[in-house]
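Below are the chains, spelled out letter by letter.
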Amino acid sequence: MSTKPEAEAVRWLDPDEERAWRAYRRTVIAVQAATARDLAAIGLSEPDYEVLSTLSERPGHTSTLREQADKMRWSRSRLSRHASRMEERGLLRRAPDPADGRGCLLVLTDSGLDVLRDAAPRHLESVRRHFVDRLLPEDLRSIERIAQRLADVDG
């Protein structure tokens, strides 16, 4: 006996839906690849930049590993391995989390903050060149509205 759903239970995309889905995917991949390439040229990955910028915005330049992993939609173990590499480069340090004996805090170092300060203008220029400056103000508003609708991908 097969456990596959019946063919009629599959909601295939109609041509308009498929074109929209493929256009969305191509756009996300193209913009992300371009901005990642620009970050790589200055020695950072997208996750490096995400961690540095998030920590810079937090009180005490500190976040729990759990909060950061949730924000990035990464597992804690994946982020922990990435944080180890960033720690080896002097961009952050770990500290015990007083609220969670098994957890740790990620703390932005002075060196990490310096790297972020140098990288931020270049990253913003990249975001403008590959995304913002190619769109009209109403396009940006539409993207924001659409993103809000799609924000809860698990829902």
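This text gives an overview of the structure that appears in the document. Quantities reported herein were computed from a predicted structural model and do not represent experimental measurements. (Residues numbered from 1 in each chain as written. Predicted model: local features only at pLDDT ≥ 70, side-chain atom pairs only at ≥ 80, totals over all residues. Heavy atoms only, no water.)

## Remarks on unusual backbone geometry
Worth spelling out the cut-off: The rule is simple: take the accessible area with a 1.4 Å probe, protein chains only, and divide by the maximum for that residue type; under 20% is buried, over 50% is exposed, in between is partly exposed. By definition, any uninterrupted DSSP run of H or I lasting at least four residues is a helix, any uninterrupted run of E lasting at least two residues is a strand, and each is numbered from the N terminus.
Phi is positive for His61, close to 55°, though the residue is something other than glycine. Residue class for His61 comes out partly exposed when judged on its relative accessible area of 26%. A positive phi angle, close to 60°, is found at Arg73, a residue other than glycine. Among the secondary structure elements, Arg73 is positioned in the loop between α3 (65-72) and α4 (76-88).

## Regarding the layout of surface pockets
Here is the rule: Both site types are read off a 1 Å grid over the protein atoms alone. A 1.4 Å probe that fits but cannot get out defines a cavity, while an open set with protein on both sides within 12 Å along at least five of seven lines defines a pocket; lining residues have an atom within 4 Å of a point. Grid points are joined across faces, edges and corners, and a volume is the space filled by probe spheres set on the points. Polarity classes work like this: nonpolar for Ala, Val, Leu, Ile, Met, Phe, Trp, Tyr, Cys and Pro, charged for Asp, Glu, Lys and Arg, and polar for all others, with Gly in that last group.
Empty space within the largest pocket amounts to approximately 1,500 Å³. Lining the largest pocket we find 31 residues, and of these Tyr24, Val28, Val31, Gln32 and Glu46 sit closest to its centre. Here the lining of the largest pocket gets 11 residues from one element, more than from any other, and that element is helix α1 (residues 15-40). Taken together, the residues that form the lining of the largest pocket break down as 20 nonpolar, six polar and five charged.

## Comments concerning the side chain of His123
As a reminder, the rule being used: Two residues form a contact once any of their heavy atoms are found within 4.5 Å.
In this fold, His123 is placed in helix α5 (residues 110-130). If we ignore the near neighbours within four places in the chain, the residues touching His123 are Leu39 and Tyr49.

## Examining the sheet that holds strand β1 (residues 62-64)
Note the threshold: Strand pairing follows a simple DSSP-based rule, namely that at least 2 bridges must link the two strands. Axes, fitted as lines to C-alpha atoms, cover a helix only where it is in contact. Angles between the N-to-C directions of the axes lie from 0 to 180 degrees.
Taken together, the three strands give an open sheet; going across it, the order is β1-β3-β2, and neighbouring strands pair in antiparallel fashion. What marks the edges here is a single partner per strand, and that holds for β1 and β2 (92-97). Strand-to-strand twist of the sheet, defined as the mean angle between neighbouring strand axes without regard to direction, takes the value 30°. When β1 meets strand β3 (residues 100-108), the two strands line up antiparallel, connected through three bridges. Each bridged residue has a counterpart across the sheet, and for Thr64 the counterpart in β3 is Leu105. Each of β1 and β3 touches α3; the most contacted strand, β1, lies at about 80° to it.

## Quick word on helix α2 (residues 46-57)
Cut-off, in case you're wondering: Any helix carries an expected span of 1.5 Å times its number of residues minus one.
The terminal C-alpha atoms of α2 lie 17 Å apart, and with 12 residues this matches the ideal 16 Å at 1.5 Å per residue to within 8%. Those residues of α2 not exposed but buried are Asp48, Tyr49, Val51, Leu52, Ser53, Thr54 and Leu55.

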